[in-house]
Amino acid sequence: MNDREMSEAGRKIRNAMQTPLPLAWARGIVGAAFGAVAGWFIHFWLKEQGFYALALPGALVGLGFGFLANRRMVAGGIFCAVVALVLTIVMEWTDAPFKKDDSLVYFVTHLLEVDSKVTLIFIGLAGMFAYWFGRGR
């Protein structure tokens with residue numbers, strides 16, 4: 001049911017049942033951290049099995065945040081998207097740094113020169129999934 005179909009009393013009841021905003025942020029950040037750690041290990045485990053799942057950690061960041069926050073927040077989705085983009089870029093750098101210069105700064109400044117453009121698609125998907133799931137229910 002959306003807000004237009006809900007009565008004023010229904011909106012008040014729904015708002016009273018929601019997690020308070022500071023608590024939602026605290027729980028959401030913990031969920032995002034768990035999602036990031038799980039995504040990191042699952043991605044590299046899947047890579048050993050022959051699968052490329054670079055967008056998975058970003059999705060898990062958003063799922064963890066949205067699930068534990070238990071509140072709908074667009075700002076939470078934006079937070080998750082930023083975390084997911086940073087996480088996936090660092091993961092790709094640790095897995096396949098440039099041969100010319102293996103520093104993170106060089107990798108970020110030359111990100112568009114990665115060997116496979118599929119990598120850029122997966123980094124973008126990670127940010128999109130993190131935003132979508134991080135907004136909450």
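Rules used throughout
- Residues numbered from 1 in each chain as written.
- Predicted model: local features only at pLDDT ≥ 70, side-chain atom pairs only at ≥ 80, totals over all residues.
- Heavy atoms only, no water.
- Helix = DSSP H or I, 4+ residues; strand = E, 2+ residues; numbered from the N terminus.
- Contact = heavy atoms within 4.5 Å.
- Expected span 1.5 Å × (residues − 1).
- Buried < 20%, exposed > 50% of the residue type's maximum accessible area, 1.4 Å probe, protein only.
- Axes fitted to C-alpha atoms, helices over the stretch in contact; angles between N-to-C directions.
- Parallel < 35°, antiparallel > 145°, perpendicular 65-115°, else oblique.
- Left-handed = near helix turned anticlockwise from the far one by under 90°.
- Nonpolar A, V, L, I, M, F, W, Y, C, P; charged D, E, K, R; others polar.
- Core = buried A, V, L, I, M, F, W, Y, C linked by side-chain atoms within 4.5 Å.
- Phe/Tyr/Trp six-rings, centres within 6.5 Å; stacked < 30°, edge-to-face > 60°.

Quick word on the environment of Phe107
- Assignment of secondary structure puts Phe107 in helix α5 (residues 104-109).
- Residues contacting Phe107, with those up to four places away along its chain left out, are Ile89, Glu92, Trp93, Ala96, Pro97, Phe98 and Val114.

Focus: helix α4 (residues 74-95)
- With 22 residues, α4 extends 31 Å between its outermost C-alpha atoms, agreeing within 8% with the 32 Å of an ideal straight helix rising 1.5 Å per residue.
- Along α4, the positions that sit buried rather than exposed are Gly76, Gly77, Cys80, Ala81, Ala84, Leu87, Thr88, Ile89, Met91 and Glu92.
- Contacts from the buried residues of α4 go to α2 (21-49), α3 (56-69), α5 and α6 (117-134).

Brief notes about the packing of α3 against α4
- Packing of α3 against α4 brings their axes to within 8 Å, and their N-to-C directions diverge by 150 degrees. The angle between α3 and α4 places the two elements in the roughly antiparallel class. In the crossing of α3 with α4, the sense of the turn from one axis to the other is right-handed. Only Gly76, Phe79, Cys80, Val83, Ala84, Leu87 and Met91 of α4 make contact with α3, whose side of the interface consists of Pro57, Gly58, Val61, Gly62 and Phe65.
- A class-by-class count of the residues in the contact of α3 with α4 yields 9 nonpolar, 3 polar and no charged.

Topic: the nonpolar core
- If you look at the biggest cluster of nonpolar residues, it comprises 20 residues, and the most contacted ones within it are Val61, Phe65, Phe107 and Leu111.
- Contributions of two or more residues to this core are made by α2, α3, α4, α5 and α6.
- A total of 5 residues in this core trace back to one element, the largest contributor, which is α4.
- Among residues more than four places away in sequence, those in contact with Phe65 are Trp25, Gly28, Ile29, Gly31, Ala32, Met73, Gly76, Phe79, Cys80 and Gly134.

Overview of the packing of aromatic side chains
- Following the criterion strictly, the structure yields 8 aromatic pairs and no others.
- Pairing Trp25 with Phe65 gives two aromatic rings, centres 5.4 Å apart and planes at 70 degrees, and the pair type is edge-to-face. In this pair, Trp25 is assigned in helix α2 and Phe65 in helix α3, connecting sequence segments 40 residues apart.
- The exposure class assigned to Phe65 is buried, which follows from its relative accessible area of 0%.
- Seen in terms of ring centroids, Phe129 and Phe133 are 6.3 Å apart; in terms of plane orientation they differ by 25 degrees. Their pairing is stacked. Separated by 4 residues within a single helix, Phe129 and Phe133 lie in helix α6, roughly one turn from each other.
- Taken together, the aromatic side chains of Trp25, Phe65 and Phe79 make up a single cluster linked through ring pairs.

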